[in-house]
Amino acid sequence: MATDAITLPETQETVGAKRPLVDRFHEWITTVDHKQLGVMYILYALAFLLVGGVEATIMRIQLSAPHKDFVSPQVFNRMFTMHGTTMIFFVAMPLVFGLANYLVPLMIGARDMAFPRLNAFSFWLSAFGGILLYFSLVGANGLYGAGNAPDVGWFAYAPLTSHTFSVGHSTDFWTLSLLVSGFGSIGTAINIIVTILCLRCPGMKLGKMPLFVWLNLVMAGLVILAVSPLSAAQIMLSIDRYLGGHFFDTQAGGSAVIWMHFFWIFGHPEVYVLVIPAFAVASEVIPVFSRKAIFGYPVMVAATVAIAFVGMSVWAHHMFTVGMSSNANAFFVLSTMAVAVPTGIKIFNWLATMWGGKIDFKPPMLFCAGFLFQFLLAGLTGIMLSAAPFDWQLGNSYFVVAHFHYVIVGGILFCLFAAFYYWYPKATGRMCNELLGKLHFWLFFIGFHLTFDFMHVPGLLGMPRRIYTYEPGRGWDTWNLIVGIGVVFQAAGVLVFAANLIWSYFSGKIAGNDPWDAWTLEWTTSSPPPAYNFAVIPSVKSRRPLWDLKHPEDPDWKYE
Amino acid sequence: MSAATVTIHEPELQWRASARGRLGMYCLIAAEAAIFTIFVVAYLFYMGKSHSGPTPQQVLHVPILFTICLLSSSLTIHLAVRSLRKSKTGAFARWWFLTLFLGTTFLAGTVVEWRHLIYDEGLTIQTNLFGTTYYSLVGLHAFHVLMGLLALGIVWLFAMFGRVKREHAERVDTLALYWHFVDTVWVVVFLVVYVIGR
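Basis of the calculations
- Residues numbered from 1 in each chain as written.
- Chains lettered and ligands numbered in written order.
- Predicted model: local features only at pLDDT ≥ 70, side-chain atom pairs only at ≥ 80, totals over all residues.
- Helix = DSSP H or I, 4+ residues; strand = E, 2+ residues; numbered from the N terminus.
- Rg over C-alpha atoms; globule rule 2.2 N^0.38 Å.
- Buried ≥ 20, exposed ≤ 12 C-beta atoms within 10 Å, placed from the backbone.
- Contact = placed C-beta atoms within 7 Å.
- Nonpolar A, V, L, I, M, F, W, Y, C, P; charged D, E, K, R; others polar.
- Core = buried A, V, L, I, M, F, W, Y, C linked by C-beta atoms within 7 Å.
- Axes fitted to C-alpha atoms, helices over the stretch in contact; angles between N-to-C directions.
- Parallel < 35°, antiparallel > 145°, perpendicular 65-115°, else oblique.
- Left-handed = near helix turned anticlockwise from the far one by under 90°.
- pLDDT = per-residue confidence, 0-100.

Asker: So what about the overall build of chain A? Which residues, and what values?
Answerer: A tally of regular secondary structure across chain A gives 16 helices and 0 strands. Computed over C-alpha atoms, the radius of gyration of chain A comes to 24 Å, within 12% of the 24 Å expected from 2.2 N^0.38 for 560 residues, which places it in the range of a compact globule. Over its C-alpha atoms, taken along the principal directions, chain A stretches across nearly 70 × 55 × 40 Å. A buried classification covers 54% of the 560 residues belonging to chain A. Look at the contacts in chain A between residues 6 or more apart in sequence, and 82% of them connect residues 24 or more apart.

Asker: Any chance you could break down the overall build of chain B for me, citing the residues and the numbers?
Answerer: When helices and strands are counted, chain B shows 7 helices and 0 strands. For chain B, the succession of helices and strands along the chain, N to C, is α-α-α-α-α-α-α. Computed over its C-alpha atoms, the radius of gyration of chain B comes to 21 Å, more than 25% above the 16 Å expected for a compact globule of 198 residues. In terms of its C-alpha atoms, chain B occupies a principal-axis envelope of roughly 75 × 40 × 20 Å. Out of the 198 residues in chain B, the part that is buried amounts to 35%. For chain B, the proportion of contacts with a sequence separation of at least 24, taken over those separated by at least 6, is 84%.

Asker: Any details on the interface of chain A and chain B? Residues and values, ideally.
Answerer: With 32 residues of chain A in contact, the opposing surface of chain B contributes 28 residues. Elements that contribute at least two residues to the side of chain A that touches chain B include exactly helix 6 (170–198), helix 7 (211–243) and helix 8 (256–290) of chain A. When residues of the side of chain A that touches chain B are assigned to their parent elements, the largest contribution, 10 residues, is made by helix 7 of chain A. Grouping the amino acids of the side of chain A that touches chain B by side-chain chemistry returns 23 nonpolar, 9 polar and no charged.

Asker: Describe unusual backbone geometry, listing the residues and the values that go with them.
Answerer: The bulk of non-glycine residues show a negative phi, and the bulk of peptide bonds are trans. Of the consecutive residues A:A158 and A:P159, the connecting peptide bond is found in the cis state with omega at 0°. Looking at where A:P159 falls in the secondary structure, it is placed in the loop between helix 5 (116–139) and helix 6. Each neighbour pair has its own omega, and for A:S527 with A:P528 the value is -10°, a cis peptide bond. Tracing the backbone shows A:P528 in the loop between helix 15 (477–507) and helix 16 (545–550). Notably, A:N396 is not glycine yet its phi reads approximately 65°, a positive angle. Mapped onto the secondary structure, A:N396 falls in the loop between helix 12 (388–394) and helix 13 (398–428). Take A:N396: there are 13 C-beta atoms within 10 Å of it, and that puts it in the partly exposed class. Located in the positive-phi region is B:S87, a residue other than glycine, with phi close to 65°. Taking the C-beta count within 10 Å as the criterion, B:S87 has 12 such neighbours and is therefore assigned exposed.

Asker: How would you summarise the nonpolar core if you had to cite specific residues and measurements?
Answerer: Residues and elements named next belong to chain A. In this structure, C415 and A418 are the most contacted members of the largest nonpolar core, which totals 215 residues. In contact with A418, not counting residues within four places along its chain, are V281, V285, P364, F367, C368 and F371. Core analysis: the second largest hydrophobic core is formed by 8 residues, M59, F80, M82 and A149 among them.

Asker: Account for the packing of helix 7 of chain A against helix 8 of chain A, with residues named and values stated.
Answerer: The relative placement of two packed helices is expressed as an angle between their axes plus a distance between the axes. All names here are of chain A. At a minimum axis distance of 8 Å, the contact between helix 7 and helix 8 shows a crossing angle of 165°. One finds that helix 7 runs roughly antiparallel with respect to helix 8. Between helix 7 and helix 8 lies a crossing of left-handed hand. Class assignment for the residues of the contact of helix 7 with helix 8 results in 25 nonpolar, 2 polar and 2 charged.

Asker: For the packing of helix 14 (residues 434–460) of chain A against helix 15 of chain A, give the residues involved together with the corresponding values.
Answerer: Residue and element names in this part refer to chain A. Two elements in contact, helix 14 and helix 15, have axes separated by 7 Å at closest approach and are oriented at 155°. As judged from the angle between their axes, helix 14 and helix 15 are roughly antiparallel. Of the two elements, helix 14 crosses helix 15, and the hand of that crossing is left-handed. For the contact of helix 14 with helix 15, a count of residues per class yields 21 nonpolar, 9 polar and no charged.

Asker: Describe the environment of A:V104, naming the residues involved and giving the relevant values.
Answerer: Residue and element names in this part refer to chain A. Here V104 shows up in helix 4 (residues 73–107). In this structure, the C-alpha to C-alpha distance between V104 and H163, residues 59 residues apart in sequence, is 44 Å. Setting aside residues up to four positions removed in sequence, V104 forms contacts with I192, T195, I196, V213 and N216.

Asker: Can you explain the confidence of the model for chain B? Please cite residues and give values.
Answerer: Residues and elements named next belong to chain B. Mean pLDDT over chain B works out to 91, with 91% of the residues at or above the 70 mark. Least confident of the elements in chain B is helix 1 (residues 3–8), whose mean pLDDT is 42; most confident is helix 6 (residues 129–160), at 97. Note that pLDDT drops below 50 for residues 1–11; the model gives that stretch 11 contacts with residues more than four away or on any other chain.

Asker: Break down the environment of B:L28 for me, citing the residues and quoting the values.
Answerer: Here B:L28 shows up in helix 2 (residues 10–45). Separated by 150 residues in the primary sequence, B:L28 and B:Y178 have C-alpha atoms spaced 8.8 Å apart.

Asker: Give a detailed account of the environment of A:P464, specifying residues and quantitative values.
Answerer: All names here are of chain A. Assignment of secondary structure puts P464 in the loop between helix 14 and helix 15. Between the alpha carbons of P464 and D151 there is a distance of 17 Å; along the sequence they are 313 residues apart. What P464 contacts, discounting residues up to four positions off in sequence, is N396 and S397.

What follows is the structure, encoded as structure tokens:
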């Protein structure tokens, strides 16, 4: 089987190299192959990562000292809106979908996703969504006929989105962009679920799937339940703005609070949509680099399902400061705290996997170790904020901003970087440079902690989020400067990362099929895998089919 | 890897191939149900909160006839698929056409109702909260009926040219699943708008 898979793609590659550029371009545009679509998702997300990073940098320069006028207040509003929207919808989501697209069929021994054309359609919807958002910079007429970007914040609370406060079309671009990319997300989620449930190779029962596949199944289910309400809310907002409806129009009896509910019914599960795939990466990388099977596989699955289930009923903890009834407050406090239980179980399981293992701190493992440590801290500030009285004090402050960046950057992004280093050899056939990888880790690690550890402090000292400048002498100055300095390290880390990706693509060490001595099915194919993935559909007997192949004397299926 | 293992799982694989479309449709229905849920919640939340008339009590009439049309189309589409499974393509085309007819009648009923509301009662989507939520919820459903009718119409055209055969029964059944969903949503919308909200 392995030999078939190796010989054919090489002939294909030599043919591909000779074809004219237009042909190859045409192939990428019209492809329905899950691997090419996965790569396109990821490249698209990386481009937006740079854009979103520049927006963050502009904000940090503006806030690095009191009374700076690097950008105007209007531009600052646009920056935080575009930064949030871009990072969530056009960086994190496509990265997650790209990984799932590329890896799920390979891991379950399938030749493609269940609906390849739906897959391509969903990708292009998401891609056009991102383009639509940024087209607002030139296409949305502002007050004086100049283009402007959305400036209503990434959760776009009513009545900011009404015509009175959002003149011109920038908010419409925001709405339509999220609606379009939301439909793309739902399409991909459907595809992932059907692929996992219908296309597994013989022998791969649900209990034998790699954890990566299990967690992506849960993620896709959450996308269906969470992104749909967002789409509904965006349709309502469009009705308000285009047809003169009154859903969120308080003058006519509409409610601004119901927008908050609708948005956060999406917004909180969205956190789990992003973090569960990060868990998925950690659950693959940590065992391989600890040379041990994952500890507590069934419990890991159960904990993930529990997180998703409980995570559907915690949304109003974003709204403690709005003023809800004490019963509602109590419910959302308790449900939010309950999420910590399955999450804690997962952290202990990863630690138990590492315990007594032969840990090899290659770049993927470094990033996963950073993730474990940082995600724990992010969870702890999450529990602090879940207590309503504490949230009344610190809601809407930089403490909250520091908390969720700890989750999204320290948790999710670190795992996604790990995924890059881990699967890059599979996708390109070449290893990432290890030294540059470690440099990337340390630069980003230092930058991350400088920025987001110290960002908690101005929050505790009462600095609200989304202010474009502040008075000197409130004790915020030094902290904001340190936060800004951290950005320099993070930016340097990302540049090293980008350089590494490009350099390794041309001159990295040839990887071979299985550079990490790993155990899941994607490592049985050539690197990069052929268009059909598997010449012969494999059949598996345990959760680590490659371990069984490599160790016929002591296979896993004897114990599972 | 061994041939023996593959043969054991062969029958299971065949079952999977047919389930793909159905499962995809179930997932789509789950997503659509979530969208409708938000609209229904908004309708219930804004019930009686309009600052000005007209109110549902003043202007809404229960569309019993059209509701019967839509709900009975679920039965006819079921009979159509059953005929196709038995290779009775003639009966399939007749039941299918009846489904199309009943669905179109329902949509025509919505057109008549909206015309009455807009021209005789002066209720538009801009009038008050009732108008906003009513036209949004009923309109969202009507949009799904319209999409279903387009799909049904395409299948009917194929049937007219004799292109729908027994081997297409599974695919046609997947479309029927969507149609049943649209009918089920109408039961909810009917209850919310014409029973609870009136």
